[in-house]
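Per-entry structural report
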Amino acid sequence: MKSTTDLNMVNAYIPGRADVGPATAQMIARRDALLGPAYRLMYERPLHIVKGEGAWLVDPEGRRYLDAYNNVTSLGHCHPSVTEAICRQAQTLATNTRYLHDTILELAERLLASVPGTGLAHLMLTCTGSEANDLAYRIAKVRTGGTGMIVTDTAYHGITDAVAKFSPSLGLSVDLGEHVRLVPAPRLYHAGGADLSERFTRDVEAAIADLRRHGIQPAALIGDSLFTSDGILPGPQGFLKGAVDAIKRAGGLFIADEVQPGFGRTGEHLWGFQRHGVVPDIVTMGKPMGNGQPIAGLLATADVLAEFGKSSRYFNTFAGNTVSCAAALAVLDTIERDGLVQHAAKVGKILHDGIAALAARHEAIGDVRGAGLFVGVELVSDRASRAPDRELTSQVVNRMRDKGVLISACAMGHNVLKIRPPLVLSADQAGLVIQALDESLAEARTAGAH
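Before going into details, it helps to say that this report is about the structure given with it. Residue positions are given per chain, counted from 1 along the sequence in the order it is written. Reporting of local features is limited, given that this is a predicted model, to residues whose pLDDT is at least 70; pairs of side-chain atoms are given and counted only at 80 or more, and all residues count toward the totals for whole chains, interfaces and linings. For the side-chain quantities, the full set of heavy atoms in the structure was used; hydrogens and water were omitted.

1. As for the overall build of the protein
On a plain count of helices and strands, the protein comes out with twelve helices and 16 strands. Taking the principal axes of the C-alpha coordinates as reference, the protein spans close to 65 × 55 × 45 Å. By residue count, 56% of the 450 residues in the protein fall in the buried class. In short, Shrake-Rupley with a 1.4 Å probe defines the accessible areas, and a residue's cover is counted only from the protein chains shown. In the form shown here, the protein has an accessible surface area of approximately 18,700 Å², with 53% of it arising from carbon and sulfur atoms. Counted as positive: Lys and Arg. Counted as negative: Asp and Glu, with His and the chain ends omitted from the count. Note that the charge is assigned to NZ on lysines, CZ on arginines, CG on aspartates and CD on glutamates. Of the charged side chains in the protein, 44 are positive and 47 negative; the average position of the first set lies 2 Å away from that of the second. In this description a helix means any DSSP run of H or I spanning at least four residues, a strand means any run of E spanning at least two, and both kinds are numbered starting from the N terminus. Categorising residues by exposure relies on relative accessible area from a 1.4 Å probe, with only protein chains included: less than 20% of the type maximum marks a residue as buried, more than 50% marks it as exposed, and the intermediate range marks it as partly exposed.

2. Notes on the packing of helix H3 (residues 102-113) against helix H9 (residues 322-337)
The axes are straight lines fitted to the C-alpha atoms, using for helices just the contacting stretch, and the angles between their N-to-C directions are given from 0 to 180°. With their axes 9 Å apart at the nearest point, H3 and H9 run at an angle of 35° to one another. Our pair here, H3 against H9, has a crossing hand that is left-handed. Listed contacts from H9 to Thr103, Ile104, Glu106, Leu107, Arg110 and Leu111 of H3 are Thr322, Cys325, Ala326, Ala328, Leu329, Leu332, Asp333 and Glu336. We call Asp, Glu, Lys and Arg charged. Ala, Val, Leu, Ile, Met, Phe, Trp, Tyr, Cys and Pro are nonpolar, and the rest, Gly among them, are polar. Across the contact of H3 with H9, the residue classes break down as eight nonpolar, two polar and four charged. Should the near helix be turned anticlockwise from the far one by less than a right angle, the crossing is left-handed, and should it be turned clockwise, the crossing is right-handed. Contacts: residue pairs with any heavy atoms within 4.5 Å of one another.

3. Digging into the pattern of salt bridges
Here, a salt bridge means any side-chain nitrogen of Lys or Arg that lies within 4 Å of a carboxyl oxygen of Asp or Glu. The full count for this structure, using the stated rule, is 23 salt bridges. Of the charged contacts in the structure, one is a salt bridge between Arg399 and Glu443, with a shortest N-O distance of 3.4 Å. Separated by 44 residues along the polypeptide, Arg399 in helix H11 (residues 390-402) and Glu443 in helix H12 (residues 427-449) bring together distant segments of the chain. For Arg399, a relative accessible area of 24% corresponds to the partly exposed category. Note on Glu443: relative accessible area 32%, which makes it partly exposed. Salt-bridge contacts for Lys403 lead to Glu443; the nearest nitrogen and oxygen are separated by 2.7 Å. You can see Lys403 sitting in the loop between H11 and strand E14 (405-406) and its partner Glu443 sitting in helix H12, a full 40 residues away along the chain. For Lys403, a relative accessible area of 29% gives the class partly exposed. One salt-bridge network, held together by shared partners, links Arg399, Lys403, Glu439 and Glu443.

4. What about the layout of surface pockets?
Approximately 360 Å³ is the volume found for the second largest pocket. Taken together, 18 residues form the lining of the second largest pocket, with Thr97, Ile104, Leu123, Met124 and Leu125 sitting closest to its centre. Those elements giving two or more residues to the lining of the second largest pocket turn out to be H3, strand E4 (120-126) and helix H8 (302-311). Looking at which element gives the most residues to the lining of the second largest pocket, the answer is E4, with four residues. Residue composition of the lining of the second largest pocket, grouped by class: 13 nonpolar, five polar and no charged. Only protein atoms enter the 1 Å grid used here. Points where a 1.4 Å probe fits but cannot escape make up a cavity, open sets with protein on both sides within 12 Å along at least five of seven lines make up a pocket, and a residue lines them when an atom lies within 4 Å of a point. Grid points are joined across faces, edges and corners, and a volume is the space filled by probe spheres set on the points.

5. Focus on the sheet that holds strand E5 (residues 148-152)
Taken in spatial order, the seven strands of this open sheet run E4-E10-E9-E8-E7-E5-E6, and their pairing is mixed. Two strands close off the open sheet at either side, each with one partner strand: E4 and strand E6 (180-183). Direction aside, the axes of adjacent strands within the sheet are offset by 20° on average. When E5 meets strand E7 (residues 218-223), the two strands line up parallel, connected through three bridges. Paired with Ile150 across the bridge in E7 is Leu221. Docked against the sheet, helix H4 (residues 129-144) engages E4, E5, E7, strand E8 (253-257), strand E9 (282-285) and strand E10 (296-301), running at close to 165° with respect to E9. Of the strands in this sheet, E4, E8, E9 and E10 touch H8, which is tilted by about 105° from E10. Pairing between strands requires that DSSP locate at least two bridges from one strand to the other.

Just distances and angles here, no functional claims.
Written out as structure tokens, the structure is:
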């Protein structure tokens, strides 16, 4: 089965579409020659970045761009606490998990302490979120004896061969596996007043039944609690519980993918799944864990890992190295010390409410939703039909880039503005995002009228 969505192309650079200037064109040509055709660049006029600081990125001419999109540097670019921890550890010891060292043990203790009452008992480390989800799938297959995976219809969980097969947002280039079943994402804006919890549970139960009808035992339901690639779908809180219960009754696992909603982004808890009152069997994490330093991993219950540990030998030479563990500990220290979960709630409300207020004068804004410092703005061509406006979305993203504010887009209709700034975004910087969006929508409307 082929995926039908390619979110990577929504705001990608396409040769000849925009004047990028001779210097940028030369760099793009050099990049294409050296890196090949599979890479993509963001924005119609790609950016050349030479420096980062906090929420800012800087180009060679010194122009500053507010990064309201990059979740990898969760604390902002070049955060001093993280860079100092990396340098200090690199000057002392840089080695892997096949030697004893305290750093990895302290990290495990801190992460496991953040999920009390869940039964999550062990940490396993990887370098990327894709690797973490790949490892989670391996564990799920051993634990359940099944291979079936259930995901939402525009989900993204990674780029390894196994994980790409249940990442429909990767687009037409990827064959979804015969063991994969897609369920509609919980789109409250389009639900027509239906009970999302009941509907989502029924859809998961139907997917389980279809897998079994084809002789496939379910292994897991995997999802991120904000359904990020599906269009940033945060609520209602608690609606996941019925679906999680259904997969567990079927002998499968629930894997909470926290690569995007984790580490305080929702402004409520450290982890997104906590807003739904569910207990995952596995929790996966990605590069926000180290503020961009390559470290990711998963938490799992002892029961889930028992058979895998007996039958499989796992090691990853680079994952869990002392330098990356030091970076991850610095991230946790900073989130706690600076109250960044609470900060995400406070500034996220300013961002959300300010954008919601724009709907009074911009008919294209159909819905504004989010949690903490994660906001989705659904742009429509008609509020009555709620039809997606992909072209306007692309225009707005690129106009905001030209105004010095970086965001992106997501969702099946390619029409949801994806605003995901670092956790350190200030109230004043939130105001810059709101202003740039206001101006970009007005300019796009005026251009369309002509």
